[in-house]
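Observations on the three-dimensional arrangement
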Amino acid sequence: MPEVTNHIRVRIDQIERLLMFDYEPGSREALFDICDSQGHIVKTGEVSGPVTRVRITDLDGEEYYLMVLDGEVSTVKPFQLRRAS
C-alpha cells in the first residue's frame with residue numbers, strides 16, 4: 001500500500017460558516033467532494049490550494065467526510081460541523 005504523504009488539515013469557521021482545508025494539490029485537476037454520513041455527495045468543487053474555502057451555510061447535518069481527488073491519489077478526512085473551534 002503506498003504511503004500517503006498528502007495530509008489535509010480541516011478547520012471550521014462557525015462565524016463565517018466556512019470550511020477551510022489546507023492541501024497543496026499535486027495536479028491542476030484536483031477536486032474535492034463533501035459527503036454526508038450516508039455517503040451522498042453534498043458539495044463538490046476544485047481544490048484551490050494551499051487553502052480552499054467552502055461555504056457551508058446549506059449543510060445541516062453534523063458528520064461529514066472531505067474527500068480530495070488529486071490525480072491518482074485520494075485522501076479522505078472526516079469532520080464534524082458542530083465541533084467547537
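Described below are features of the structure shown in this document. Since this is a predicted model, take the numbers as computed values, not measurements. (Residues numbered from 1 in each chain as written. Predicted model: local features only at pLDDT ≥ 70, side-chain atom pairs only at ≥ 80, totals over all residues. Heavy atoms only, no water.)

**Structural notes on the side chain of K43**
- Turning to its location among the elements, K43 is positioned in strand β4 (residues 41–46).
- Relative accessible area serves as the criterion here: at 18%, K43 is assigned to the buried category.
- Within the local environment of K43, its side chain forms a polar contact with the backbone oxygen of R55, the two atoms lying 3.3 Å apart.
- Sequence-distant contacts of K43, defined by excluding residues within four places in its chain, comprise F32, D33, I34, V54, R55, I56, D58 and L59. (Helix = DSSP H or I, 4+ residues; strand = E, 2+ residues; numbered from the N terminus. Buried < 20%, exposed > 50% of the residue type's maximum accessible area, 1.4 Å probe, protein only. Polar contact = N/O pair within 3.5 Å; in protein donor to acceptor, adjacent residues only side chain to side chain. Contact = heavy atoms within 4.5 Å.)

**Remarks on the packing of aromatic side chains**
- Counted under the stated rule, the structure contains two aromatic pairs.
- Note on Y64 and F79: the rings are 5.9 Å apart at their centroids and 20° apart in plane angle, and the pair reads as stacked. In this pair, Y64 sits in strand β6 (residues 63–70) while F79 sits in strand β7 (residues 73–80), placing the two residues 15 residues apart along the sequence. Judged on exposure class, the residue Y64 and its partner F79 are both buried. (Phe/Tyr/Trp six-rings, centres within 6.5 Å; stacked < 30°, edge-to-face > 60°.)

**What to know about the nonpolar core**
- With 18 residues, the main nonpolar core has L19, F21, I34, L66 and F79 as its most contacted residues.
- Of all the secondary-structure elements, those providing two or more residues to this core are β1 (9–13), β2 (18–22), β3 (31–36) and β6.
- A total of three residues in this core trace back to one element, the largest contributor, which is β6.
- If sequence neighbours within four positions are ignored, I34 has contacts with L19, H40, I41, V42, K43, V54, L59, Y64, Y65, L66 and F79. (Core = buried A, V, L, I, M, F, W, Y, C linked by side-chain atoms within 4.5 Å.)

**Comments concerning the sheet that holds β2**
- As summarised here, the arrangement of the three strands in space is β1-β2-β5, forming an open sheet in which the pairing is antiparallel. Strands with a single pairing partner mark the edges of an open sheet, and in this sheet they are β1 and β5 (51–55). Taken pair by pair, the neighbouring strands of this sheet meet at an average axis angle of 20°, ignoring direction.
- The pairing of β2 with β5 spans five bridges and is antiparallel. Counted as the bridge partner of F21 is T52 from β5. (Pairing = 2+ DSSP bridges. Axes fitted to C-alpha atoms, helices over the stretch in contact; angles between N-to-C directions.)

Spatial relationships are all this shows, so hold off on functional conclusions.
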